[in-house]
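Overview (structure and organization)
The lines below spell out each chain.
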Amino acid sequence: MHGPFTHLRRLLLASIACVLGAAALTYLVDPLQLFRASHLAAFYSDDTRVQNAGLIRSQSFDTAFMGTSLAIHFRQSDINRALGVHSLKLAMTGSNSRQQSFVLEQAIDRGARRVIWEMDDFIFVDAADIEADPYLSVDLYRRTAKGIASYLFSAAMAKESLFVLLRSIPPLRQPLTSAAPFLPVKFALSDVDVIYALPREFDLARDYNAKKALASFAYITNPVRSRFLGEGYGYDAMVRHFEQDALGLITRHPDVMFDIYFPPYSILQFVAMRDASPETLKIVTDVTAVIAERLAQVPNVRLHDFRAIKAVTHDLNNYGDVIHHSPVVDAMVLKWLASGEYRVDPNRPLASLERLKAQVEAYRVPQP
């Protein structure tokens, strides 16, 4: 006759066996490709803060492409074709300079010799130190014991591993591929080129038009919400983070060429600040003046400023809100980077900023 302790021991042993079995499954399948290139069909997640740790380990590249949501829709194949590089897109929606700098450092350590960096002024707002960042696991990137354990003993990763394994079985491949968008799995993308990219057939006119841009302008300048325009902005903290996160990374790697660009926001972004939060506009222009002047002195930096290209930034049909531009403008950005047409002259680092200031002062918002 078995006593209660015997049942408890069996239950405990069965639980340990399940946990170890799930960890072994994740190790063997390795959905993140953290240990090796996948020997099954490879799948990718658009959870970029996690996925980037695996991409840096599993992909070959000579160029790292970094940015925020303003750079998230680029395709690596388009970057490669326009700039003649072998790129790895690492853009992360809503990322700050601490996260971007940390991820870029990992990519440089893995062989990147060129960095293309969409530098949004908002990335320099004050935030947690990277070691205490709750949204990005530095241990996973560094592959410390803690990071590896969090990966192998994650129930979510075990689920993803099982799904990848099932999708590798030929009779199940097609039906599971079709069902993937409707299932609670993250590793559903079969091509690294489509991570966060919009489909080729995407209806751009529906999501990027003047009506949406003006509606966004009215929303953010409403007196009820306009205080959010300056939320997180502070001159001293932003300059400090630029010095530490951006300039620190650049000067530590003098053998890496950095192509940095200020993205072509719509003119409405700056006019919103002008009308509803002028103190924020002053911080933004003052901070970007410091950035331009400091980067002009660094030999391994080419700075490009697209904020005063009136033909683009004043055409509100290019935008889905006051800052996010369409993939049509993405293609223009790549063309401008390739040609160097809007590269900031190191001898006149503030010239484009002065043109932008004049445009902001003169602009009048279209009335319905």
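The coordinates are above.
Residues numbered from 1 in each chain as written. Predicted model: local features only at pLDDT ≥ 70, side-chain atom pairs only at ≥ 80, totals over all residues. Heavy atoms only, no water.

Describing the nonpolar core
Ranked by internal contacts, the top residues of the largest apolar core, which has 104 residues, are V103, W117, M119, F258, I260, Y261 and L295. Ranked by residue count, the leading element in this core is helix 13 (residues 278–295), at nine residues. If we skip the residues at most four places from it in the chain, M119 touches F124, A246, I260, Y261, F262, P263 and I291. (Core = buried A, V, L, I, M, F, W, Y, C linked by side-chain atoms within 4.5 Å. Buried < 20%, exposed > 50% of the residue type's maximum accessible area, 1.4 Å probe, protein only. Helix = DSSP H or I, 4+ residues; strand = E, 2+ residues; numbered from the N terminus. Contact = heavy atoms within 4.5 Å.)

Concerning the packing of helix 12 (residues 267–276) against helix 16 (residues 351–362)
Close contact between helix 12 and helix 16 brings their axes to 9 Å; oriented N to C, the two are set at 65 degrees. Taken as axis vectors, helix 12 and helix 16 run roughly perpendicular relative to one another. When you trace helix 12 past helix 16, the crossing you get is right-handed. Where helix 12 approaches helix 16, its residues I267, F270, V271 and R274 are matched on the opposing element by L356, Q359, V360 and E361. (Axes fitted to C-alpha atoms, helices over the stretch in contact; angles between N-to-C directions. Parallel < 35°, antiparallel > 145°, perpendicular 65-115°, else oblique. Left-handed = near helix turned anticlockwise from the far one by under 90°.)

Section: empty space enclosed by the protein
Inspection of every chain in the model, using the stated rule, returns four cavities of 30 Å³ or more. Within this model, the largest cavity holds a volume of roughly 70 Å³. Ranked by the residues each element gives to the lining of the largest cavity, the list is headed by helix 2 (residues 48–58), at four residues. Grouping the amino acids of the lining of the largest cavity by side-chain chemistry returns five nonpolar, five polar and one charged. (1 Å grid on protein atoms, 1.4 Å probe; cavity = no way out; pocket = protein on both sides within 12 Å on 5 of 7 lines; lining within 4 Å. Points joined across faces, edges and corners; volume = space filled by probe spheres on them. Nonpolar A, V, L, I, M, F, W, Y, C, P; charged D, E, K, R; others polar.)

Here's the deal with the sheet that holds strand 2 (residues 87–89)
An order of 2-1-3-4-5 is seen for the five strands of this open sheet, with the pairing classed as parallel. Edge positions in the sheet fall to strand 2 and strand 5 (301–305), since each has one partner strand and no second. Here the strands of the sheet are splayed against their neighbours by 15 degrees on average, with no regard to which way each runs. As defined by bridge partners, strand 1 (residues 63–66) adjoins strand 3 (residues 114–118) across four bridges and the pair is classed as parallel. If you follow F65 over to strand 3, its bridge partner there is I116. (Pairing = 2+ DSSP bridges.)

Some points on helix 15 (residues 327–339)
Over its 13 residues, helix 15 runs 19 Å from end to end, which matches the ideal 18 Å to within 8%, given 1.5 Å per residue. Of the residues making up helix 15, those classed as buried are V329, D330, V333, L334, W336 and L337. Buried residues in helix 15, looked at end-on, bunch into an arc of 165 degrees, giving them a common side. Where helix 15 is buried, its residues touch helix 3 (76–83), strand 3, strand 4 (257–262), strand 5 and helix 14 (310–313). Looking one or two places after helix 15, you find G340, whose phi comes out positive at around 70 degrees. (Expected span 1.5 Å × (residues − 1). Arc of directions from axis to C-beta.)

Things to note about the pattern of salt bridges
One pass over the structure, following the stated rule, counts 17 salt bridges. As a salt-bridge pair, R142 and E131 come within 2.7 Å of each other at their nearest N and O atoms. Here the residue R142 occupies a position in helix 5 (residues 138–142), and E131 occupies one in the loop between strand 3 and helix 5, the gap between them amounting to 11 residues. We note a salt bridge from R294 to E243, for which the minimum N-O separation is 3.0 Å. Of the two residues, R294 is situated in helix 13 and E243 in helix 11 (residues 235–252); the sequence distance between them amounts to 51 residues. Within this structure, D78, R81 and R200 form a network of salt bridges that share partners. (Salt bridge = Lys/Arg side-chain N within 4 Å of Asp/Glu carboxyl O.)

Overview of the packing of helix 3 against helix 15
Between helix 3 and helix 15, the least distance of the axes is 9 Å, while the angle of their chain directions is 30 degrees. Relative to helix 15, helix 3 is oriented roughly parallel. Between helix 3 and helix 15 the crossing geometry is right-handed. The segment helix 3 lies against helix 15, with D78, I79, A82 and L83 engaging L334, L337 and A338. Residues belonging to the contact of helix 3 with helix 15 are distributed by class as follows: six nonpolar, no polar and one charged.

Examining the pairing of strand 4
In terms of residue burial, strand 4 counts as a mostly covered element, since five of its six residues are buried. Pairing analysis gives five bridges linking strand 3 to strand 4, with the strands arranged parallel. When the sheet's bridge partners are listed, I116 is paired in strand 4 with D259. Pairing geometry for strand 4 and strand 5, over five bridges, is parallel. Bridged to F262 within strand 5 is D305.

A closer look at the layout of surface pockets
There is about 530 Å³ of room inside the largest pocket. Taken together, 25 residues make up the lining of the largest pocket; nearest its centre are F122, Y233, Q269, I323 and H324. The element that contributes the greatest number of residues to the lining of the largest pocket is helix 10 (residues 210–221), accounting for three residues. If you trace the second largest pocket, you find 13 residues lining it, with H73, R75, D78, R200 and P327 closest to the centre. The leading source of residues in the lining of the second largest pocket is helix 15, at four residues.

Section: the environment of Y27
Positionally, Y27 belongs in helix 1 (residues 4–29). Sequence separation between Y27 and A158 is 131 residues, and the spatial gap between their C-alpha atoms is 9.2 Å. If we skip the residues at most four places from it in the chain, Y27 touches F35, R36 and L152.

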